[in-house]
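Single-letter residue listing:
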Amino acid sequence: RKEVEQDPGPFNVPEGATVAFNCTYSNSASQSFFWYRQDCRKEPKLLMSVYSSGNEDGRFTAQLNRASQYISLLIRDSKLSDSATYLCVVRKSGNTGKLIFGQGTTLQVKP
Amino acid sequence: SAVISQKPSRDICQRGTSLTIQCQVDSQVTMMFWYRQQPGQSLTLIATANQGSEATYESGFVIDKFPISRPNLTFSTLTVSNLSPEDSSIYLCSVTQGGRNQPQHFGDGTRLSIL
(Lines give C-alpha, C1' and ligand atoms only; values in the text may rest on other atoms or scores of the structure.)
Protein backbone atom coordinates (compact mmCIF):
# COMPACT_ATOMS: atom_id res chain seq x y z
CA ARG A 1 0.00 0.00 0.00
CA LYS A 2 1.32 3.46 -0.87
CA GLU A 3 1.95 5.81 2.04
CA VAL A 4 -0.09 8.56 0.38
CA GLU A 5 -2.85 7.62 -2.05
CA GLN A 6 -4.76 9.82 -4.44
CA ASP A 7 -7.15 9.21 -7.27
CA PRO A 8 -5.04 10.15 -10.32
CA GLY A 9 -8.09 11.30 -12.30
CA PRO A 10 -8.20 13.07 -14.65
CA PHE A 11 -11.07 15.19 -13.41
CA ASN A 12 -12.61 17.05 -16.32
CA VAL A 13 -14.93 19.83 -15.17
CA PRO A 14 -16.51 22.92 -16.74
CA GLU A 15 -15.56 26.41 -15.68
CA GLY A 16 -17.41 27.46 -12.56
CA ALA A 17 -17.80 23.94 -11.22
CA THR A 18 -16.90 22.82 -7.72
CA VAL A 19 -14.50 19.90 -7.54
CA ALA A 20 -13.15 17.92 -4.60
CA PHE A 21 -10.00 15.82 -4.34
CA ASN A 22 -9.38 13.23 -1.67
CA CYS A 23 -6.24 11.76 -0.26
CA THR A 24 -5.53 9.07 2.34
CA TYR A 25 -2.32 8.44 4.24
CA SER A 26 -1.17 5.31 6.02
CA ASN A 27 1.02 6.60 8.85
CA SER A 28 -1.12 7.74 11.75
CA ALA A 29 1.87 9.55 13.28
CA SER A 30 2.21 11.91 10.31
CA GLN A 31 2.78 15.45 11.44
CA SER A 32 2.08 17.97 8.72
CA PHE A 33 -0.02 18.03 5.59
CA PHE A 34 0.09 20.10 2.42
CA TRP A 35 -1.42 20.47 -0.99
CA TYR A 36 0.97 21.36 -3.80
CA ARG A 37 0.12 22.28 -7.35
CA GLN A 38 2.27 21.19 -10.27
CA ASP A 39 1.78 22.55 -13.76
CA CYS A 40 2.97 20.54 -16.73
CA ARG A 41 6.78 20.46 -16.91
CA LYS A 42 7.09 22.79 -13.91
CA GLU A 43 8.16 22.39 -10.32
CA PRO A 44 5.61 21.77 -7.54
CA LYS A 45 4.42 24.91 -5.79
CA LEU A 46 2.84 25.07 -2.38
CA LEU A 47 -0.89 25.67 -2.63
CA MET A 48 -1.73 25.52 1.05
CA SER A 49 -0.92 23.83 4.31
CA VAL A 50 -3.70 21.75 5.85
CA TYR A 51 -4.64 22.29 9.47
CA SER A 52 -6.69 20.11 11.78
CA SER A 53 -9.41 22.73 12.05
CA GLY A 54 -9.66 23.03 8.28
CA ASN A 55 -8.60 26.12 6.43
CA GLU A 56 -9.66 28.22 3.50
CA ASP A 57 -7.78 30.39 1.04
CA GLY A 58 -10.08 32.13 -1.39
CA ARG A 59 -11.73 29.48 -3.56
CA PHE A 60 -9.71 26.67 -1.97
CA THR A 61 -10.69 24.79 1.19
CA ALA A 62 -8.60 22.06 2.80
CA GLN A 63 -9.81 19.61 5.41
CA LEU A 64 -7.98 17.08 7.56
CA ASN A 65 -9.55 14.12 9.35
CA ARG A 66 -6.87 12.55 11.51
CA ALA A 67 -9.14 9.77 12.77
CA SER A 68 -9.79 8.59 9.21
CA GLN A 69 -6.32 9.62 7.95
CA TYR A 70 -7.98 11.56 5.18
CA ILE A 71 -7.25 14.91 3.57
CA SER A 72 -9.39 16.80 1.09
CA LEU A 73 -9.14 19.82 -1.18
CA LEU A 74 -12.22 21.62 -2.45
CA ILE A 75 -12.02 24.08 -5.33
CA ARG A 76 -15.01 26.33 -5.88
CA ASP A 77 -15.82 28.30 -9.03
CA SER A 78 -13.13 26.52 -11.08
CA LYS A 79 -11.08 28.63 -13.47
CA LEU A 80 -9.27 27.52 -16.60
CA SER A 81 -6.06 28.43 -14.80
CA ASP A 82 -6.78 25.83 -12.11
CA SER A 83 -5.91 23.09 -14.62
CA ALA A 84 -2.91 21.32 -13.11
CA THR A 85 -1.90 18.29 -11.07
CA TYR A 86 -2.62 18.56 -7.35
CA LEU A 87 -0.23 16.71 -5.06
CA CYS A 88 -1.22 15.58 -1.59
CA VAL A 89 1.87 15.72 0.63
CA VAL A 90 2.44 14.37 4.12
CA ARG A 91 5.36 14.94 6.46
CA LYS A 92 6.40 11.86 8.41
CA SER A 93 6.93 12.01 12.15
CA GLY A 94 10.46 12.45 13.43
CA ASN A 95 13.11 15.07 12.87
CA THR A 96 14.00 14.53 9.25
CA GLY A 97 11.43 16.83 7.70
CA LYS A 98 10.91 14.19 5.02
CA LEU A 99 7.86 14.65 2.79
CA ILE A 100 5.92 11.86 1.14
CA PHE A 101 4.17 12.80 -2.09
CA GLY A 102 1.02 11.29 -3.50
CA GLN A 103 1.00 10.54 -7.20
CA GLY A 104 -1.18 13.56 -7.85
CA THR A 105 -4.68 14.21 -9.14
CA THR A 106 -4.99 15.83 -12.55
CA LEU A 107 -7.62 18.52 -13.04
CA GLN A 108 -8.65 19.81 -16.43
CA VAL A 109 -11.05 22.75 -16.39
CA LYS A 110 -12.79 23.28 -19.71
CA PRO A 111 -14.53 26.40 -21.06
CA SER B 1 9.90 32.58 0.42
CA ALA B 2 13.48 31.94 -0.68
CA VAL B 3 14.47 32.25 -4.33
CA ILE B 4 15.93 28.92 -5.46
CA SER B 5 18.01 28.71 -8.61
CA GLN B 6 18.96 25.42 -10.23
CA LYS B 7 21.52 24.99 -12.96
CA PRO B 8 21.45 23.64 -15.59
CA SER B 9 17.76 23.79 -16.35
CA ARG B 10 18.15 20.94 -18.82
CA ASP B 11 20.84 18.78 -20.33
CA ILE B 12 21.35 15.90 -22.70
CA CYS B 13 24.20 13.58 -21.73
CA GLN B 14 25.95 10.53 -23.06
CA ARG B 15 25.77 7.19 -21.29
CA GLY B 16 28.53 6.65 -18.79
CA THR B 17 29.18 10.34 -18.16
CA SER B 18 28.19 12.33 -15.07
CA LEU B 19 26.20 15.51 -14.56
CA THR B 20 26.44 17.89 -11.62
CA ILE B 21 23.42 19.99 -10.77
CA GLN B 22 23.73 23.12 -8.66
CA CYS B 23 21.16 24.57 -6.28
CA GLN B 24 21.67 28.12 -5.02
CA VAL B 25 19.38 29.83 -2.53
CA ASP B 26 19.29 33.57 -1.92
CA SER B 27 19.13 33.16 1.87
CA GLN B 28 20.26 30.69 4.49
CA VAL B 29 17.92 27.74 4.81
CA THR B 30 17.49 25.08 7.45
CA MET B 31 17.30 22.05 5.23
CA MET B 32 17.96 21.18 1.59
CA PHE B 33 16.69 18.14 -0.24
CA TRP B 34 17.12 16.49 -3.63
CA TYR B 35 14.24 14.77 -5.40
CA ARG B 36 13.77 12.86 -8.60
CA GLN B 37 10.61 12.88 -10.68
CA GLN B 38 10.54 10.25 -13.38
CA PRO B 39 8.20 10.66 -16.34
CA GLY B 40 4.57 10.36 -15.29
CA GLN B 41 5.50 9.77 -11.66
CA SER B 42 5.39 11.78 -8.48
CA LEU B 43 8.41 12.99 -6.57
CA THR B 44 10.79 10.61 -4.82
CA LEU B 45 13.27 11.87 -2.25
CA ILE B 46 16.86 10.99 -3.08
CA ALA B 47 18.57 12.46 -0.03
CA THR B 48 18.74 15.22 2.53
CA ALA B 49 21.77 17.44 1.98
CA ASN B 50 23.45 18.10 5.33
CA GLN B 51 25.63 21.16 5.74
CA GLY B 52 29.23 20.18 6.41
CA SER B 53 28.60 16.43 6.57
CA GLU B 54 27.56 13.49 4.42
CA ALA B 55 24.08 13.50 2.97
CA THR B 56 21.36 11.21 4.33
CA TYR B 57 20.21 8.90 1.55
CA GLU B 58 16.83 7.25 1.14
CA SER B 59 16.41 3.57 0.50
CA GLY B 60 17.42 2.73 -3.05
CA PHE B 61 19.81 5.66 -3.45
CA VAL B 62 23.54 5.44 -2.76
CA ILE B 63 26.35 7.95 -2.46
CA ASP B 64 28.42 6.41 -5.25
CA LYS B 65 25.63 7.03 -7.75
CA PHE B 66 24.33 10.34 -6.33
CA PRO B 67 27.14 12.17 -4.51
CA ILE B 68 25.89 15.34 -2.84
CA SER B 69 27.71 18.30 -1.40
CA ARG B 70 26.45 21.10 0.82
CA PRO B 71 29.36 23.33 1.78
CA ASN B 72 27.20 26.05 3.34
CA LEU B 73 23.62 27.00 4.18
CA THR B 74 22.81 28.42 0.72
CA PHE B 75 24.31 25.99 -1.78
CA SER B 76 24.23 22.30 -2.68
CA THR B 77 25.16 20.10 -5.61
CA LEU B 78 23.86 16.74 -6.76
CA THR B 79 25.92 14.64 -9.15
CA VAL B 80 24.30 11.84 -11.10
CA SER B 81 27.13 9.46 -11.97
CA ASN B 82 27.65 6.83 -14.66
CA LEU B 83 24.52 7.92 -16.49
CA SER B 84 22.18 5.39 -18.06
CA PRO B 85 18.82 5.87 -19.82
CA GLU B 86 17.03 5.03 -16.56
CA ASP B 87 18.42 8.27 -15.12
CA SER B 88 16.37 10.35 -17.55
CA SER B 89 14.26 12.35 -15.17
CA ILE B 90 13.64 15.72 -13.61
CA TYR B 91 15.84 16.45 -10.61
CA LEU B 92 14.56 18.99 -8.11
CA CYS B 93 16.15 20.80 -5.23
CA SER B 94 13.93 21.89 -2.35
CA VAL B 95 14.51 23.89 0.82
CA THR B 96 12.88 24.52 4.16
CA GLN B 97 13.21 27.76 6.07
CA GLY B 98 12.50 28.02 9.75
CA GLY B 99 11.32 24.94 11.62
CA ARG B 100 11.29 21.39 10.27
CA ASN B 101 7.49 21.45 10.01
CA GLN B 102 7.54 24.29 7.52
CA PRO B 103 6.64 23.46 3.91
CA GLN B 104 9.33 22.88 1.32
CA HIS B 105 9.84 25.13 -1.66
CA PHE B 106 11.26 23.85 -4.91
CA GLY B 107 13.70 25.02 -7.50
CA ASP B 108 12.48 24.88 -11.08
CA GLY B 109 14.20 21.58 -11.74
CA THR B 110 16.77 20.10 -14.08
CA ARG B 111 15.48 18.02 -16.99
CA LEU B 112 18.01 15.34 -17.82
CA SER B 113 17.92 13.14 -20.90
CA ILE B 114 20.40 10.37 -21.63
CA LEU B 115 21.32 9.36 -25.16
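Predicted model, so just to flag it, every value in this text is computed and none were measured.

Enquirer: Any chance you could break down the overall build of chain B for me, citing the residues and the numbers?
Expert: Looking only at helices and strands, one finds 0 helices and 11 strands in chain B. Mapped from its N terminus to its C terminus, chain B presents α and β elements in the order β-β-β-β-β-β-β-β-β-β-β. Relative to its length of 115 residues, chain B is compact, with a C-alpha radius of gyration of 13 Å against a globular reference of 13 Å. Dimensions of chain B along its principal axes, counting C-alpha atoms only, are 40 × 25 × 20 Å. Here chain B, with 115 residues, has 50% of them falling under the buried criterion. Considering only residue pairs separated by 6 or more positions, chain B has 54% of its internal contacts joining residues 24 or more positions apart. Accessible surface, chain B as shown: approximately 5300 Å² in total, 46% of it carbon and sulfur. In chain B, 8 positive and 8 negative side-chain charges are present, and the distance between their average locations comes to 4 Å.

Enquirer: How would you summarise the pairing of strand S4 (residues 32-38) of chain A if you had to cite specific residues and measurements?
Expert: Residue and element names in this part refer to chain A. With respect to burial, S4 is a largely interior element, 7 of its 7 residues being buried. Burial of the side chains of S4 extends over both faces: Ser32, Phe34, Tyr36 and Gln38 are buried on one face and Phe33, Trp35 and Arg37 on the other. Two elements, S4 and strand S9 (residues 84-91), share 7 bridges in a ladder whose sense is antiparallel. Bridging from a neighbouring strand, Gln38 pairs with Thr85 of S9. Two strands pair when backbone bridges link them, and S4 and strand S5 (residues 44-50) are joined in this way by 6 bridges, in the antiparallel orientation. Its bridge partner lying in S5, Phe34 is registered against Ser49.

Enquirer: Run through the sheet that holds strand S3 (residues 19-25) of chain B, naming residues and quoting values.
Expert: By way of backbone hydrogen bonds, the strands of a sheet pair with one another, either parallel or antiparallel. All names here are of chain B. Pairing in this open sheet of 4 strands is antiparallel, and the strands run S1-S3-S8-S7 from one edge to the other. A strand with exactly one partner marks an edge of an open sheet, and here the two such strands are strand S1 (4-7) and strand S7 (68-72). Strand after strand, the sheet turns through a mean of 15° between neighbouring axes, direction not considered.

Thresholds applied
Residues numbered from 1 in each chain as written. Chains lettered and ligands numbered in written order. Predicted model: local features only at pLDDT ≥ 70, side-chain atom pairs only at ≥ 80, totals over all residues. Heavy atoms only, no water. Helix = DSSP H or I, 4+ residues; strand = E, 2+ residues; numbered from the N terminus. Rg over C-alpha atoms; globule rule 2.2 N^0.38 Å. Buried < 20%, exposed > 50% of the residue type's maximum accessible area, 1.4 Å probe, protein only. Contact = heavy atoms within 4.5 Å. Areas by Shrake-Rupley, 256 points an atom, 1.4 Å probe, with all protein chains shown as cover. Lys, Arg positive; Asp, Glu negative; His and termini not counted. Charge placed at Lys NZ, Arg CZ, Asp CG, Glu CD. Pairing = 2+ DSSP bridges. Axes fitted to C-alpha atoms, helices over the stretch in contact; angles between N-to-C directions.

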